Amino acid sequence: MREALEEGYGLLVFEAARDWLARYFAGEKPMPSELPLCPIGGEFRQRVWSLLCQIPYGETTTYGALARALAAQMGRPSMSSQAVGGAVGHNPISIIIPCHRVVGSGGSLTGYAGGIAAKLRLLEHEGVELSSLTVPKRGPALSALLACRSGQTRAVLNRLFRLPDWEDCRDAEGQGPG
């Protein structure tokens with residue numbers, strides 16, 4: 001009997017998540033608190049994920065701002081932005097727990113488990129002013145952007161960031177990205 005109840009509840013949770021995501025992609029602004037979220041992680045990660053849920057739709061914040069908020073919450077003088085970034089990167093419920101709304105200092109587009117191109121699309125979907133964001137000059141985030149093969153995403157990236165042409169992305173052996 002208990003298994004049947006748990007199985008039925010599991011289906012309801014997936015239905016609720018599906019409906020939440022459908023509303024999100026339809027342009028509504030559902031709150032993470034509308035779902036019975038219970039991500040698995042230690043106390044530190046739970047605190048960071050809770051802060052992520054407080055970032056308003058259509059806005060961004062930085063790892064540093066999250067670190068300062070967490071330090072204040074914990075009564076500490078400071079907190080490592082890198083430690084916060086590690087917890088953000090382990091968010092198991094992307095989009096619903098909006099880790100895509102976190103950027104590096106100065107608006108740098110840093111990592112996102114779904115890829116930087118997806119992060120950009122989500123931010124654009126939410127109406128974030130993308131012109132204030134910057135593409136890293138080196139590192140995995142830039143590589144991910146240059147490797148993007150989607151014509152639509154590539155066009156958005158070109159429009160926003162004036163990325164180099166494919167010919168400019170070739171290495172010494174003449175190999176392009178991807």
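Structural data are supplied above this passage.
Novice: Would you mind going over the layout of surface pockets with me for this structure?
Specialist: As a volume, the largest pocket reaches approximately 180 Å³. Around the largest pocket, the lining is made up of 13 residues, and of these Tyr 63, Gly 85, Val 88, Gly 89 and Gly 111 lie nearest the centre. For the lining of the largest pocket, the residue count by class is five nonpolar, eight polar and no charged. Computed from the structure, the second largest pocket encloses a volume of approximately 150 Å³. Along its surface, the second largest pocket is lined by Val 13, Phe 14, Ala 16, Ala 17, Leu 35, Pro 36, Leu 37, Cys 38, Ile 93 and Ile 96. Taken together, the residues that form the lining of the second largest pocket break down as 10 nonpolar, no polar and no charged.

Novice: Help me out: how do you make sense of the packing of helix α2 (residues 43–52) against helix α3 (residues 63–74) in this one?
Specialist: Two packed helices can be described by the angle between their axes and the distance between those axes. Across the interface, α2 lies against α3 with an axial gap of 11 Å and an inter-helix angle of 120 degrees. Classified by the angle their axes make, α2 and α3 are oblique. Helix-helix and strand crossings are classified by hand; for α2 and α3 the assignment is right-handed. Between α2 and α3, the residues in contact are Phe 44, Arg 47, Val 48, Leu 51 and Leu 52 and Leu 66, Ala 69, Leu 70, Gln 73 and Met 74, respectively.

Novice: How should α3 be read in this particular structure?
Specialist: Residue pairs three or four apart in sequence face the same way in an α-helix, which turns once every 3.6 residues. If you check α3, its first and last C-alpha atoms are 16 Å apart, about what 12 residues at 1.5 Å a residue would give, namely 16 Å. Three or more residues of α3 are buried, namely Tyr 63, Gly 64, Leu 66, Ala 67, Leu 70 and Ala 71. The arc that holds every buried residue of α3, seen down its axis, measures 160 degrees, which confines them to one face. Exposed and oriented more than 90 degrees from the buried face of α3 are Arg 68 and Ala 72. Packed against the buried residues of α3 are α2, β1 (61–62), α4 (81–89), β2 (102–103) and α5 (116–125). Phi turns positive, to about 70 degrees, at Gly 75, one or two residues after α3.

Novice: Explain the packing of aromatic side chains to me, please; I cannot follow it from the model alone.
Specialist: For any two aromatic rings, the description comes down to two numbers: the centre-to-centre distance and the angle of the planes. Applying the stated criterion to the full structure yields three aromatic pairs. Consider the rings of Trp 20 and Tyr 24, whose centres lie 5.8 Å apart with planes at 5 degrees: the pair is stacked. Placement of the pair is Trp 20 and Tyr 24 together in helix α1 (residues 2–25), with a separation of four residues, close to one helical turn. An aromatic cluster is defined as three or more aromatic residues linked by ring pairs; in this entry it consists of Trp 20, Tyr 24, Phe 25 and Tyr 57.

Novice: Would you mind going over the environment of Ser 108 with me for this structure?
Specialist: Its location among the elements puts Ser 108 in the loop between β2 and α5. In this structure the C-alpha to C-alpha distance between Ser 108 and Ser 132, which are 24 residues apart in sequence, comes to 8.9 Å.

Novice: Where do I start with the pattern of salt bridges in this structure?
Specialist: Any two side chains of opposite charge can pair, so long as their charged atoms come close to each other. For the structure on display, the rule yields five salt bridges. The salt bridge involving Arg 18 is made with Asp 19; its shortest N-O contact spans 3.5 Å. With a relative accessible area of 38%, Asp 19 lands in the partly exposed category. Of the charged contacts, one joins Arg 47 and Glu 43 as a salt bridge, the two residues approaching to 3.2 Å between their closest N and O atoms. A residue pair is termed a helical-turn pair when its members lie 3 or 4 positions apart in one helix, as Arg 47 and Glu 43 do in helix α2 at four residues. For Arg 47, a relative accessible area of 25% puts it in the partly exposed group.

Thresholds applied
- Residues numbered from 1 in each chain as written.
- Predicted model: local features only at pLDDT ≥ 70, side-chain atom pairs only at ≥ 80, totals over all residues.
- Heavy atoms only, no water.
- 1 Å grid on protein atoms, 1.4 Å probe; cavity = no way out; pocket = protein on both sides within 12 Å on 5 of 7 lines; lining within 4 Å.
- Points joined across faces, edges and corners; volume = space filled by probe spheres on them.
- Nonpolar A, V, L, I, M, F, W, Y, C, P; charged D, E, K, R; others polar.
- Axes fitted to C-alpha atoms, helices over the stretch in contact; angles between N-to-C directions.
- Helix = DSSP H or I, 4+ residues; strand = E, 2+ residues; numbered from the N terminus.
- Parallel < 35°, antiparallel > 145°, perpendicular 65-115°, else oblique.
- Left-handed = near helix turned anticlockwise from the far one by under 90°.
- Contact = heavy atoms within 4.5 Å.
- Expected span 1.5 Å × (residues − 1).
- Buried < 20%, exposed > 50% of the residue type's maximum accessible area, 1.4 Å probe, protein only.
- Arc of directions from axis to C-beta.
- Phe/Tyr/Trp six-rings, centres within 6.5 Å; stacked < 30°, edge-to-face > 60°.
- Salt bridge = Lys/Arg side-chain N within 4 Å of Asp/Glu carboxyl O.

All we've got here are geometric facts, nothing functional implied.
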